[in-house]
Amino acid sequence: MSSKPPKPPLSPGRAARFPASLDALRTGRAGPPQAQLLRPQRHLHEAARDAARASAPRGLGLDSAPVRLALVQRLRADGVRCEPVLQAMAQVPRHEFVDSALVAQAYEDTSLPIGLQQTISKPSVVARMIEWLYLGEGARARGHLGRVLEIGTGCGYQAAVLAQLATHVVSVERLEPLHRLAAHHLGRLDVPRCRLVHADGMRGHPPHAPYDTIIAAAGGDDLPAAWLDQLAVGGRLVAPARHPDGRGQILVIVDRMPDGLRRQHGEAVQFVPLKSGTC
């Protein structure tokens, strides 16, 4: 049996075309100057990339409790003092509710786009609004927020925080794509005590009224009458509305007392406009 003679070594100055070295591929020195790197697995790579975008963002230490606790420490330093609210913020993984391209910013105190010109609110705004709710007389007496109506589900993050503090949450979203997105997020995380409704939030949700707590993530010129009508005696509403001087928005806090409504103003805020209808 004969064997093939070994191939002669390349002459000095002669570059090997195949197999190219990894360094050559990286620098583009393999093959003729105009040759392009063939990628027969390109479609598989693209499919894997698309699947990664669709899956829940993980890694970078974002799944660990210390990351969320660091956020809570910043909220506490910024003046949020209600411990049940801080504990609820520590329980909910905010990175699960944002696009994978923005996941590295999930625990910064910033609002982030979620599509359709809507945003996920800053953690400090979520915490402060829920703190206002929890400081109401009814919530303090009960030790929880009771039955909650949320206007503007968005991606579902605030609903998930509210669910940690309530007996039941009804969250209304007028934009169907966001309604479906929130349902996906909350279902994947198995968030309890939360019902999502695709409807016009300006009308509240009469079938489950009255509510002990009402919170809105969009602001108009004033509070819709339907929200006030659906607020239970002893309940509290917190929502953004136009400042009385017409410049910007502020938080409006309304308590329903046995003898009527009591209204006060909180911090200046900036929310997306409150709109009617569904789409």
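Here is a short report on the structure shown in this document. Since this is a predicted model, take the numbers as computed values, not measurements.

What follows is about the layout of surface pockets. In this structure, the largest pocket encloses a volume near 750 Å³. Forming the walls of the largest pocket are 43 residues, and the residues nearest its centre are Q118, T119, A217, A218 and V272. Elements represented by at least two residues in the lining of the largest pocket include exactly β2 (118-120), α5 (123-134), β3 (147-151), α7 (157-163), β4 (168-173) and β9 (260-269). Per element, the largest residue contribution to the lining of the largest pocket is five residues, and it comes from α5. Considering only residue class, the lining of the largest pocket consists of 22 nonpolar, 13 polar and eight charged.

A word on the sheet that holds strand β8 (residues 249-257). Taken in spatial order, the seven strands of this open sheet run β5-β4-β3-β6-β7-β8-β9, and their pairing is mixed. A single partner strand is all that each edge strand has here, and the edge strands are β5 (194-198) and β9. Averaged over all neighbouring strand pairs, the angle between strand axes comes to 15 degrees, with direction disregarded. As paired strands, strand β6 (residues 211-216) and strand β7 (residues 231-242) are joined by four bridges and run parallel to one another. Pairing of Y211 across the sheet is with L231, part of β7.

Take the side chain of Q158 next. Its location among the elements puts Q158 in helix α7. On the basis of relative accessibility, which here comes to 8%, the residue Q158 falls in the buried class. Looking at Q158, its side chain comes within polar contact range of the side chain of E150, at 2.9 Å. Those residues within four positions of Q158 in sequence are excluded, and the remaining contacts are V126, I130, E150, I215 and A217.

About the criteria used
- Residues numbered from 1 in each chain as written.
- Predicted model: local features only at pLDDT ≥ 70, side-chain atom pairs only at ≥ 80, totals over all residues.
- Heavy atoms only, no water.
- 1 Å grid on protein atoms, 1.4 Å probe; cavity = no way out; pocket = protein on both sides within 12 Å on 5 of 7 lines; lining within 4 Å.
- Points joined across faces, edges and corners; volume = space filled by probe spheres on them.
- Helix = DSSP H or I, 4+ residues; strand = E, 2+ residues; numbered from the N terminus.
- Nonpolar A, V, L, I, M, F, W, Y, C, P; charged D, E, K, R; others polar.
- Pairing = 2+ DSSP bridges.
- Axes fitted to C-alpha atoms, helices over the stretch in contact; angles between N-to-C directions.
- Buried < 20%, exposed > 50% of the residue type's maximum accessible area, 1.4 Å probe, protein only.
- Polar contact = N/O pair within 3.5 Å; in protein donor to acceptor, adjacent residues only side chain to side chain.
- Contact = heavy atoms within 4.5 Å.

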